[in-house]
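Understanding the architecture of this molecule
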Amino acid sequence: MSTSLRHTRRDFLRFSGGLSASILAVACVTPGADTGTDDSAGEPAVEKEQILVWDQFGEDSVGVNEIVVKFNEAHPEYHVTREAQTNMRDILKTSLDAGAGPDVMYYDTGPGFAGVLARAGLLLPLDDAYEQYAWNERILPIARERASFDGVTYGIGNELEIVGTFYNERIFDEQGLAVPDTHDDFLAVCEALKAQDIIPMAWGNQNKWPAGHTFSVFSGNIAGKDNLAAAISGELAWNEPDFVESIQIPFVDMVDAGYYNTDINAVTYDDSNLLFYSGQAAMRLTGSWMVDGYTNPDNITDPVGFFFYPSIREKVIAPPAGLGSGYFVGRDAQSPEGAFAYLNFLFSDETIGDWLEGMAMIPPVRLNADDYSISDLLRFTIIEIQQNAESMGFNIDVLTPDNYNTMMFDGFQEVIGKVKTAQEQADDLEAAMQEAIERGTVMDITP
Amino acid sequence: MTAAAPVRRGQLSPRAKRKALAGWAFVVPALLIYAFFFVQPFFYSIYYSLTDWNGADPVKQFVGLGNYIKLAGDSLLWQALGHNLIWVIIGTVSPIAIGLLLGVLIWTGALGRVLFRTIYFLPVVLSEVVIAIIWNWIYHPLFGAVNQILRGIGLDHLARGWLGDPQTALLALLMTAIWSYYGFCFVIIMAGLQNVDISLVEAATIDGANGWQRFIHVIVPQLSHVLTMITAFTLIGGFNVFGIVFVMTQGGPGTATQVIATYTYRKAFQESQVGYGAALSMVMTLLSLATSYIFIRLRERQEQ
């Protein structure tokens, strides 16, 4: 007798129903991987307050993961879960608005980013927390100022950065070159390097944003700190002659003179670093976030030095300095107290070493660089920031509205590609700023 | 023995009702998912397009047709639209022509049909992001294959940063898109060729038609339904193109490769103008629908 292998629709529905019920039943009884409770040593389970943190440091960031582990050990009443997000700008607004966002987030401090969240009421004010934890005594004022909107503080800015010129000391020694004191000296150095078939400066602008730092350097040195602050605040026009010249020199004249690698708009930021690592290029105009890469012998064995871009026409230099991103607390944070405690821990004595030694990032606190085992280049950077804080300029793109930034990034590619003149780009920047003023997204950074 | 209850005309028998219910049971879940993930967001997008909203603010300021009026004067939109039109024309004609040519060549008896079909179809199984990364390397200005080959054969002057030059960036992206898509056209056309009536081809041969005449007057007309379907599909894709452009150039250099979808993303997510971005997405939807509808109607009229 043979058994029929035919199945009726009823069999199929019965099987599907049974399978669904089984899955449901299993789902109901299977415990979660991490309940966030402490039931060690037979003690009654203690429910921990959960803190979800979103940041942009990368999944495997040893330094930040170490800080999270230390916090969870030191604060048994809380449990921080860290998630690295690569597309924070796309998902954060929606997540917070839906009440499904993180408790603590590491996000851009500009008016077009954290400013939008703050004005929409999606962030918790931190003024009371600053008092409660006496952050004003420990944390630098700039970290609070950059995370304040309409007179209310919403976060703590982090990652102190400066932008300047990194150079290959071996190449400079071999070519008999000295660190330039003036813009003309700098051009002479470029000319000498070019004559030896060495790329004077590596520059990759396919990612668009690196041009923003170049513009920050030249507008700070040509227009000056106060005028730059006024322009960022919408009080001075971006098509003033000083700003036009700040576009003309690096994006037109120095390109035409052949002081960069070819195909700037097709080379990525990482590839331009490769040109510098390999010794094909002698200099890089970029930020101190690259100190870790430039002191890593796996990348480059030549010693790397640093100088601020020199004075142009004997004007006082105002090298860009600022903050990378900042920590903020969501309006719907399940445990605001826990979130504040985490922020407090992030910039405490216990963690400064993790930022400096583990990640080569400068936290926004008063510190003595000699207390830490860090590279000479990072130590130099810290000392420069501490000694010249008052005269430093600005990283434009972290302070300007988003529509201005897109005009800046697209426009500079067009200037480099000869699609647009420096004057046209300056006019477009001013038009973008006027639009931002109308939309109320401009940050006032004037004293 | 009882007589079965009479079934009135227009009324379903219990068995038919059970069948209908079972049918609904299978359709409704998919319909709900479709309504939730497609219909609802579509109507929300229409609503957002009538507001000035930054994506975060609890208040969505109603501006009526303000965003659409602003669109008319937005030079970047017109530039992006121009790029989409170039994409639609070249990006539709080229892969279909290549697919058709290869399909007919192999259909007429080339050896290793399965091997060729597999090779040509391979790019289709790769994700857009993977394709974009691969072609980024191929176009790389410092060590990309294209420039290496050009330098290797003494055409150094033609080597350039293909994706960084406003003159070549859009065409370079199109080459990538064509490479990634012609395999799909090829496979569909190959399937269509299985239904071509060989006796008509043979009759045309006996009547003295040469290869080109047989191809144009006998084979292509029998593939018209397949070609219509592929063309409509490609036209819609041409207006919606996003992944390759976003990964490879982000619309750059400058705005030289900006298309409507990347411009929409930029406005909605990078500049926090969600209302305006929604209006842009509506324009994109209307263009796709209108173009496909017109094309299909024209084809139908031709057939009649």
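Residues numbered from 1 in each chain as written. Chains lettered and ligands numbered in written order. Predicted model: local features only at pLDDT ≥ 70, side-chain atom pairs only at ≥ 80, totals over all residues. Heavy atoms only, no water.

Quick look at the overall build of chain A
A tally of regular secondary structure across chain A gives 19 helices and 15 strands. Across the 447 residues of chain A, 56% fall into the buried class. In the structure as shown, chain A presents an accessible area of about 19200 Å², 51% of it carried by carbon and sulfur atoms. (Helix = DSSP H or I, 4+ residues; strand = E, 2+ residues; numbered from the N terminus. Buried < 20%, exposed > 50% of the residue type's maximum accessible area, 1.4 Å probe, protein only. Areas by Shrake-Rupley, 256 points an atom, 1.4 Å probe, with all protein chains shown as cover.)

Quick word on the nonpolar core
Residue and element names in this part refer to chain A. Ranked by size, the top nonpolar core spans 77 residues in total, and within it F215, W238 and M283 carry the most contacts. Here this core gets 8 residues from one element, more than from any other, and that element is helix α12 (residues 241–256). Non-local contacts of F215, meaning those with residues more than four positions away in its chain, are made with G220, W238, F243, S246, I247, F251, I396, Y404, M408, F412 and L429. (Core = buried A, V, L, I, M, F, W, Y, C linked by side-chain atoms within 4.5 Å. Contact = heavy atoms within 4.5 Å.)

Examining the environment of L71 of chain B
Residues and elements named next belong to chain B. Here L71 shows up in helix α2 (residues 66–72). Taking the C-alpha atoms as reference points, L71 and V283, separated by 212 residues in sequence, lie 9.3 Å from one another. Those residues in contact with L71, other than ones at most four positions away along the chain, are L77, W78, Y276, A279, L280 and V283.

With respect to the interface of chain B and chain A
Listed as interface residues are 35 residues of chain B and, on the opposing side, 32 residues of chain A. Roughly 2600 Å² is buried in total at the junction of chain B and chain A, and carbon and sulfur atoms are behind 49% of that figure. If you look at where chain B meets chain A, you find 2 salt bridges. Close ionic contact of D410 of chain A with R266 of chain B constitutes a salt bridge, the shortest N to O distance being 2.5 Å. Elements supplying a minimum of two residues to the side of chain B that touches chain A: α1 (14–48) and α12 (260–270) of chain B. A per-element tally of the side of chain B that touches chain A places α12 of chain B first, with 5 residues. A breakdown of the residues in the side of chain B that touches chain A according to their chemical character gives 14 nonpolar, 16 polar and 5 charged. (Buried area = accessible area lost by both parts, 1.4 Å probe. Salt bridge = Lys/Arg side-chain N within 4 Å of Asp/Glu carboxyl O. Nonpolar A, V, L, I, M, F, W, Y, C, P; charged D, E, K, R; others polar.)

Observations concerning unusual backbone geometry
Excluding glycine, a negative phi dihedral is what most residues carry, and trans is how most peptide bonds are arranged. Omega for the bond connecting G252 of chain B with P253 of chain B falls within 30 degrees of zero, at 0°, which places this linkage in the cis form. Mapped onto the secondary structure, P253 of chain B falls in the loop between α11 (243–248) and α12. Although it is not a glycine, R313 of chain A sits at a positive phi angle of roughly 50°. When you line up the elements, R313 of chain A lands in the loop between β12 (304–307) and β13 (320–323).

A short note on the UniProt feature "transmembrane region" (unreviewed entry) in chain B
Sites flagged by UniProt as "transmembrane region" (unreviewed entry) map to residues 21–43, 85–107, 119–138, 169–193, 226–248 and 274–296 of chain B. For residues 21–43 of chain B, the end-to-end C-alpha separation is 29 Å, with 100% helix and 0% strand making up the annotated structure. (UniProt positions renumbered as here; feature names shortened; annotations may be inferred.)

Topic: the domain arrangement of chain B
Residues and elements named next belong to chain B. We note that the domain assignment places domain 1 (15–62) and domain 2 (70–303) within chain B. With both sides pooled, the region where domain 1 packs onto domain 2 buries about 620 Å², and carbon together with sulfur makes up 74% of that total. On the surface where domain 1 and domain 2 come into contact, there are 0 salt bridges. With 4 residues, the top contributor of residues to the side of domain 1 that touches domain 2 is α1. (Domains from an automatic or database assignment.)

Quick look at the domain arrangement of chain A
Residues and elements named next belong to chain A. Partitioning chain A into structural domains gives domain 1 (46–157 + 325–391) and domain 2 (163–321 + 398–439). If you look at the interface, domain 1 gives 17 residues, while domain 2 gives 20 residues. Buried surface at the junction of domain 1 and domain 2, both sides included, amounts to about 1300 Å², of which 66% is carbon and sulfur. Run the count over domain 1 and domain 2 and you get 0 salt bridges. Joining domain 1 to domain 2, the criterion identifies 1 residue pair in polar contact (both at pLDDT 80 or more). If one sorts the elements of the side of domain 1 that touches domain 2 by residue count, helix α17 (residues 376–388) sits on top with 5 residues. (Polar contact = N/O pair within 3.5 Å; in protein donor to acceptor, adjacent residues only side chain to side chain.)

Describing the packing of aromatic side chains
Residue and element names in this part refer to chain B. In this structure the tally under the stated criterion is 50 aromatic pairs over all chains. For the pair Y34 and F38, a centre-to-centre distance of 5.4 Å together with 25° between the ring planes defines the contact as stacked. Of this pair, Y34 and F38 both sit in helix α1, 4 residues apart, which is roughly one turn of that helix. With a relative accessible area of 47%, Y34 lands in the partly exposed category. (Phe/Tyr/Trp six-rings, centres within 6.5 Å; stacked < 30°, edge-to-face > 60°.)

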